[in-house]
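Here is what each chain is made of, one letter per residue.
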Amino acid sequence: MTDERTGTPDNTAVRCALWRAMHVQIDPPPHVLEDEVGLRLVDPGDGWRDRPDMDPEATRGFRAAMVARARFIEDLVAEEADRGVDQYVLLGAGLDTFAQRRPETASRLHVFEVDQPGTQNFKRRRLAELGYGVPDRLHLVPVDFETSAGSWPERLAAAGFDQGRPAVVASTGVTMYLTKEATAATLRQLARLAPGSTLALTFLLPEHLVDERDRAGLRASETGARASGTPFLSFYTPDEMLTLAREAGFEEAHHIPGASHTERYFTGRTDGLRPSTGEDVLLART
């Protein structure tokens, strides 16, 4: 989210963009995700790496988790595009830069980024200033989730989304800020997507299911979110999230542990970089 009056992205969107850039700048290759476009969008000025939330050691696990979940989603999107799926929806897109970094895949897709009007205004302006622009196949869809959370399917359709064709939908780092009732309602809407559609949705685990070494970090994140006015509202066990998806009407629902990203993307690293635990993935299909 952003403050629509100032067009300034909120701390969460900025932090994610900067962590992704830090991965490229301070972690040795191979890089799980190469994204410095978000840094250029934010344009934080000199000294941004001296911010307390950019501490290179204290944030290693979070930084790795951010790039791992993004890479997992983008690999999924590429696989679905190879199967002929040509619509990709990001719910709560923030400062995502897939369309700018992966033009060879994005050119085969209509990419719909759904987020708050302030976010979209800021991003549209910065994309123009940086020379990227907004091509015909990139659709910035403004939705005020606070006042019209249920209207996003209509806004998507108005932006050109074809409800009769399958799509990949991704929602990362969003469910913790929503009530469980709101997430259940969103799942019911998503389950009505055309057959062959895929949803990848991340969710936070309750503290007792998080690796002990990562619990202090989770508590610190929760405290920081509350202090910034965007408290974490919902945590889910994997079984609870799978039940919500099946009750919503999805034909298939699978739990992808966040820890599995370590084996997938971090095996063989000599620097010990690995994602923190605590955020898992629901992978569901219509």
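Residues numbered from 1 in each chain as written. Predicted model: local features only at pLDDT ≥ 70, side-chain atom pairs only at ≥ 80, totals over all residues. Heavy atoms only, no water.

Engineer: Where do I start with the overall build of the protein chain in this structure?
Structural biologist: Within the protein chain, the secondary structure is distributed over 12 helices and 9 strands. The C-alpha atoms of the protein chain give 18 Å as radius of gyration, which agrees with the globular expectation for 286 residues (19 Å, within 12%). Its C-alpha atoms put the protein chain at 45 × 45 × 40 Å along the principal axes. Split into buried and exposed, the 286 residues of the protein chain put 53% on the buried side. When contacts within the protein chain are restricted to residue pairs at least 6 apart in sequence, those whose partners lie at least 24 apart make up 76%. (Helix = DSSP H or I, 4+ residues; strand = E, 2+ residues; numbered from the N terminus. Rg over C-alpha atoms; globule rule 2.2 N^0.38 Å. Buried < 20%, exposed > 50% of the residue type's maximum accessible area, 1.4 Å probe, protein only. Contact = heavy atoms within 4.5 Å.)

Engineer: So what exactly am I meant to see when it comes to empty space enclosed by the protein here?
Structural biologist: To locate leftover empty space, one rolls a probe as large as a water molecule over the atoms. Enumeration over the complete set of coordinates arrives at 1 cavity of 30 Å³ or more. The computed volume of the largest cavity comes to approximately 70 Å³. If you trace the largest cavity, you find it lined by Ala 65, Arg 69, Thr 202, Gly 258, His 261, Pro 275, Ser 276, Glu 279 and Val 281. Across the lining of the largest cavity, the residue classes break down as 3 nonpolar, 4 polar and 2 charged. (1 Å grid on protein atoms, 1.4 Å probe; cavity = no way out; pocket = protein on both sides within 12 Å on 5 of 7 lines; lining within 4 Å. Points joined across faces, edges and corners; volume = space filled by probe spheres on them. Nonpolar A, V, L, I, M, F, W, Y, C, P; charged D, E, K, R; others polar.)

Engineer: What's the story with the pairing of strand β4 (residues 110-115) in this structure? I'm lost.
Structural biologist: Walk down a regular strand and you will see the side chains alternate between the two sheet faces. Within β4, 5 of the 6 residues are buried, leaving the element largely enclosed by the surrounding structure. With 5 bridges connecting them, strand β3 (residues 87-91) and β4 associate as parallel partners. Bridge pairing links Gln 87 to His 110 in β4. As paired strands, β4 and strand β5 (residues 138-142) are joined by 5 bridges and run parallel to one another. (Pairing = 2+ DSSP bridges.)

Engineer: What is the right way to read helix α6 (residues 117-129) from this model?
Structural biologist: Over its 13 residues, α6 runs 18 Å from end to end, which matches the ideal 18 Å to within 8%, given 1.5 Å per residue. All of the buried residues along α6 are Pro 117, Gly 118, Thr 119, Gln 120, Phe 122, Lys 123, Arg 126 and Leu 127. (Expected span 1.5 Å × (residues − 1).)

Engineer: Hey, could you run me through the confidence of the model for the protein chain in this one?
Structural biologist: In the predicted model, the protein chain carries a mean pLDDT of 92, and 95% of its residues have values of at least 70. Counted against residues more than four places away or in other chains, residues 1-6, with its pLDDT under 50, gives 16 contacts. (pLDDT = per-residue confidence, 0-100.)

Engineer: Help me understand the pairing of strand β6 (residues 168-171), please; the structure alone is not making it clear to me.
Structural biologist: Neither face of β6 is left uncovered, since the one carrying Val 168 and Ala 170 and the one carrying Val 169 and Ser 171 both have all their residues buried. Judged from the 3 bridges that link them, β3 and β6 form a sheet pairing that is parallel. Residue pairing for β6: Val 89 is matched across the bridge by Val 169. Handedness of the crossover is the feature at issue here: the chain leaves β6, passes through helix α9 (residues 180-190), returns alongside strand β7 (residues 198-204), and the resulting connection is right-handed. (Right-handed = clockwise from strand over helix to strand, strands pointing away.)

Engineer: What is the right way to read the packing of aromatic side chains from this model?
Structural biologist: Centre-to-centre distance and the angle between the planes together describe a pair of aromatic rings. Per the counting criterion, the structure on display carries 6 aromatic pairs. Measuring from ring centre to ring centre gives 5.3 Å for Tyr 88 and Phe 98, while their planes differ by 90°; the resulting arrangement is edge-to-face. With Tyr 88 in strand β3 and Phe 98 in helix α4 (residues 98-101), the pair connects residues that are 10 residues apart, well separated along the chain. Of the two residues, Tyr 88 and Phe 98, neither departs from the other in class, the shared state being buried. Members of the aromatic cluster, connected to one another through ring pairs, are Tyr 177, Phe 232 and Phe 235. Across the ring face of Tyr 236, the terminal group of Lys 180 is positioned such that the distance to the ring centre comes to 5.1 Å. (Phe/Tyr/Trp six-rings, centres within 6.5 Å; stacked < 30°, edge-to-face > 60°. Lys NZ or Arg CZ within 6 Å of the ring centre and 35° of its normal.)

Engineer: Would you mind showing me how to read the nonpolar core here?
Structural biologist: Burial of nonpolar side chains together is a common tendency in soluble globular proteins. Leu 187, Phe 250 and Leu 282 are the most contacted members of the largest nonpolar core, which has 37 residues in total. Top element by residues in this core is helix α11 (residues 238-248). It accounts for 5 residues. The next biggest cluster of nonpolar side chains, apart from the first, holds 33 residues, and it includes Ala 93, Ala 106, Leu 138 and Val 281. (Core = buried A, V, L, I, M, F, W, Y, C linked by side-chain atoms within 4.5 Å.)

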